[in-house]
Amino acid sequence: EAAVTQSPRNKVTVTGGNVTLSCRQTNSHNYMYWYRQDTGHGLRLIHYSYGAGNLQIGDVPDGYKATRTTQEDFFLLLELASPSQTSLYFCASSEGTGGDTQYFGPGTRLLVL
Amino acid sequence: TQTVSQSDAHVTVFEGDSVELRCNYSYGGSIYLSWYIQHHGHGLQFLLKYYSGNPVVQGVNGFEAEFSKSDSSFHLRKASVHWSDSAVYFCAVSAHTNTGKLTFGDGTVLTVKP
């Protein structure tokens, strides 16, 4: 069973604050993804990566940076958080070829005041 | 660009009923179609997927889905639901490339009443 963990599980920050969300997968998957989930929008892809040091832009990248430091670790950075970034964030991993199953973490709930 | 539409935001049925959750997609090339389930407070979990071959695919816990190229659809079905099937169901499309990138529908909330 694929294992993807996220930390923190909950985070509160203020507008303009600096936030880092962490994700780790222990399955030697090549691809990792960051999504945000908002009511009425399903899941939207922010950034993804196909290996350490690689970063690809997703569908809603504005206001977010990401970094893949190792094959296991993928971080999402909000350097100047805004209330519009209040959301539920999910990390996922997969082998990477088209159609491969994605394995999701439990999510991080972020509130920007 | 691929898009996914789940026309029903909410579906409510009684335990033991059958259910069909609808998914329509648009994309001009080869695609993978999949369904994921999200129980309250948890991440998404894979249910099933289709790429080619038999248009009816079986998934976990008695779920199945049927692909229709003519209707651009990939509807999810279950013959007899249980209260534990209450969850949000997401249809997803992935182009036949090596990115693994998924595009999700907005989800359907399934409520199973006792």
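Predicted model only: the values in this text are computed from it and were never measured. (Residues numbered from 1 in each chain as written. Chains lettered and ligands numbered in written order. Predicted model: local features only at pLDDT ≥ 70, side-chain atom pairs only at ≥ 80, totals over all residues. Heavy atoms only, no water.)

Caption draft 1: Layout of the interface of chain A and chain B. Contact residues are listed per partner, giving 23 residues for chain A and 21 residues for chain B. For the chain A and chain B pair, buried surface summed over both sides reaches about 1,700 Å², with 49% attributable to carbon and sulfur atoms. One salt bridge connects D59 of chain A with K101 of chain B, and the closest N-O pair in it is separated by 3.1 Å. Summed over the shared surface of chain A and chain B, the result is three residue pairs in polar contact (both at pLDDT 80 or more). (Contact = heavy atoms within 4.5 Å. Buried area = accessible area lost by both parts, 1.4 Å probe. Salt bridge = Lys/Arg side-chain N within 4 Å of Asp/Glu carboxyl O. Polar contact = N/O pair within 3.5 Å; in protein donor to acceptor, adjacent residues only side chain to side chain.)

Caption draft 2: Main features of the state of the cysteines. Residue and element names in this part refer to chain A. Under the counting rule described, the total for this entry stands at two disulfides over all chains. Shown here is the disulfide that connects C23 with C91, its sulfur atoms set 1.9 Å apart. One quick way to see it: the torsion about the S-S bond of C23 and C91 is about -75°, and its sign makes the bridge left-handed. Here C23 is found in strand β3 (residues 19-25), whereas its partner C91 is found in strand β9 (residues 87-94), with 68 residues between them in sequence. With respect to class, C23 is no different from C91; both count as buried. (Disulfide = S-S within 2.5 Å. Helix = DSSP H or I, 4+ residues; strand = E, 2+ residues; numbered from the N terminus. Buried < 20%, exposed > 50% of the residue type's maximum accessible area, 1.4 Å probe, protein only.)

Caption draft 3: Main features of the sheet that holds strand β7 (residues 65-68) of chain A. All names here are of chain A. Within the open sheet, the four strands sit side by side as β1-β3-β8-β7. Their pairing is antiparallel. Of all strands in the sheet, those with a lone pairing partner are β1 (4-7) and β7, marking the two edges. With direction set aside, neighbouring strand axes in the sheet form an average angle of 15°. Looking at chain direction, β7 and strand β8 (residues 73-78) are connected through four bridges and run antiparallel. Pairing of K65 across the sheet is with L77, part of β8. (Pairing = 2+ DSSP bridges. Axes fitted to C-alpha atoms, helices over the stretch in contact; angles between N-to-C directions.)

Caption draft 4: Spatial organisation of the packing of aromatic side chains. A complete count under the given rule lists 19 aromatic pairs over all chains for this structure. Consider the rings of F90 of chain A and F104 of chain A, whose centres lie 6.5 Å apart with planes at 80°: the pair is edge-to-face. Of this pair, F90 of chain A sits in strand β9 while F104 of chain A sits in strand β10 (residues 103-104), placing them 14 residues apart in sequence. Taking relative accessible area as the criterion, F104 of chain A reaches 11% and is therefore assigned buried. Put simply, the rings of Y31, Y33, Y35, Y48, Y50, F90 and F104 of chain A together with Y36, F46, F90 and F104 of chain B touch in pairs and so form one group of aromatic residues. (Phe/Tyr/Trp six-rings, centres within 6.5 Å; stacked < 30°, edge-to-face > 60°.)

Caption draft 5: Here's a closer look at the nonpolar core. W35, L47, L48, F74, L76 and Y89 of chain B are the most contacted members of the largest nonpolar core, which totals 27 residues. At the level of secondary structure, the elements contributing two or more residues to this core comprise β2 (10-14), β3 (19-21), β5 (31-38), β6 (45-50), β8 (64-68), β9 (73-78), β10 (87-95) and β12 (108-113) of chain B. Grouped together as the second largest cluster of nonpolar side chains are 17 residues, L21, L76, A81 and V112 of chain A included. (Core = buried A, V, L, I, M, F, W, Y, C linked by side-chain atoms within 4.5 Å.)

Caption draft 6: Representation of the side chain of Q85 of chain A within the structure. Residue and element names in this part refer to chain A. Along the polypeptide, Q85 turns up in the loop between β8 and β9. Its relative accessible area of 5% is what places Q85 among the buried residues. If near-sequence neighbours (up to four positions away) are discounted, Q85 is found in contact with R36, D62, G63, Y64, L78, L80, L110 and V112.

Caption draft 7: Representation of the pattern of salt bridges in the model. In this structure the tally under the stated criterion is nine salt bridges over all chains. The salt bridge involving K65 of chain A is made with E79 of chain A; its shortest N-O contact spans 3.1 Å. One end of the pair, K65 of chain A, is in strand β7; the other, E79 of chain A, is in the loop between β8 and β9, with 14 residues separating them in the sequence. Relative accessible area serves as the criterion here: at 46%, K65 of chain A is assigned to the partly exposed category. As a salt-bridge pair, D85 of chain B and K78 of chain B come within 2.8 Å of each other at their nearest N and O atoms. Take D85 of chain B and K78 of chain B: they sit in the same class, and that class is buried. One continuous salt-bridge network, built from bridges that share partners, spans R36, D38 and R44 of chain A.

Caption draft 8: Region of interest: the pairing of β2 of chain B. Residue and element names in this part refer to chain B. Side-chain alternation along β2 places V11 and V13 on a buried face and H10, T12 and F14 on a face that remains uncovered. As defined by bridge partners, β2 adjoins β12 across five bridges and the pair is classed as parallel. Among the inter-strand pairings, T12 is bridged to a residue of β12, identified as T111.

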